[in-house]
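Letter by letter, the chains look like this.
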Amino acid sequence: MKYSRLTKEQFEELHQEFINFLATQSITADEWEELKKNKPETAEQELDVFSDLVWFGVLSKVEYLEHISPNQLHLFRCKEKNMHLIALKLKHDNVDLTTNDGFQWLRDNLLSDDIEFYNAKKDYSEDKHLDIFKMIQTGANITKGELFQYFEKLIRQ
């Protein structure tokens with residue numbers, strides 16, 4: 001398995017897609033029940049293959065990621081060959097960016113000396129999708145990129 005197995009909730013959300021997947025494998029509903037009962041390892045493999053397919057589809061569409069911690073903001077644009085990072089680091093610990101108050105403080109003090117800006121690019125390893133997946137596993141969230149685009153415009157000025 002390349003990524004991770006979907007959760008029970010995710011499988012429930014993707015119930016129809018999983019049925020379609022089984023159909024492409026020529027597995028009927030009765031055969032699926034039989035597999036689960038008599039060949040659980042084969043059923044587990046089917047769950048893993050489906051999970052990897054779903055993850056691959058999701059990861060193929062990721063354009064922006066955000067990772068917000070109490071005193072740092074990491075914004076990523078996932079390009080074809082590399083990732084562009086815009087990072088903000090607070091120089092003191094009395095603000096928590098994961099709270100509404102902390103984010104408001106950031107807005108109010110954006111150009112103060114209490115904030116360090118970083119701008120970098122990093123090439124992917126041999127597997128772009130796995131690189132993105134690992135970032136999600138460590139707390140990054142897939143976004144539409146509004147924050148990235150906002151800070152990108154600020155940096156260009």
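Remember, it's a predicted structure, so these values are computed and weren't measured experimentally.

Novice: Tell me about the nonpolar core, and name the residues and values.
Specialist: A general feature of soluble globular proteins is that nonpolar side chains tend to end up buried together. The biggest cluster of nonpolar side chains holds 27 residues, and the ones touching the most others in it are Phe-18, Trp-32, Leu-65 and Ile-132. The set of elements that each furnish at least two residues to this core consists of helix 2 (15–24), helix 3 (29–38), helix 4 (40–61), strand 2 (72–78), strand 3 (82–90) and helix 6 (128–137). Of all the elements, helix 4 adds the most residues to this core, at 5 residues. Leave out the neighbours within four places in its chain, and Ile-132 touches Leu-59, Val-62, Leu-65, Cys-78, Met-83 and Tyr-124. Counting 16 residues, the second-largest nonpolar core is a separate cluster that includes Phe-103, Leu-106, Leu-110 and Leu-147.

Novice: Before we move on, could you go through the side chain of Ser-51 and cite the residues and values that matter?
Specialist: Assignment of secondary structure puts Ser-51 in helix 4. Residue Ser-51 is classed as buried on the basis of its relative accessible area of 0%.

Novice: Please provide a residue-by-residue account of the packing of aromatic side chains, values included.
Specialist: For the structure on display, the rule yields 11 aromatic pairs. Taking 4.9 Å as the distance between ring centres and 80° as the angle between the ring planes, the aromatic pair formed by Trp-55 and Phe-133 counts as edge-to-face. Pair noted here: Trp-55 is in helix 4 and Phe-133 is in helix 6, with a separation of 78 residues, a long-range link. Per residue, the accessibility class of Trp-55 equals that of Phe-133, and both read buried. Summarising the aromatic geometry, the rings of Tyr-64 and Phe-148 are spaced 5.6 Å apart at their centres and angled 50° between planes, so their arrangement reads as tilted. Taken as a pair, Tyr-64 in strand 1 (residues 64–69) and Phe-148 in helix 7 (residues 146–156) lie far apart in primary sequence, 84 residues in all. Accessibility expressed as a relative area gives 5% for Tyr-64, which makes it buried.

The rules we used
Residues numbered from 1 in each chain as written. Predicted model: local features only at pLDDT ≥ 70, side-chain atom pairs only at ≥ 80, totals over all residues. Heavy atoms only, no water. Core = buried A, V, L, I, M, F, W, Y, C linked by side-chain atoms within 4.5 Å. Buried < 20%, exposed > 50% of the residue type's maximum accessible area, 1.4 Å probe, protein only. Helix = DSSP H or I, 4+ residues; strand = E, 2+ residues; numbered from the N terminus. Contact = heavy atoms within 4.5 Å. Phe/Tyr/Trp six-rings, centres within 6.5 Å; stacked < 30°, edge-to-face > 60°.

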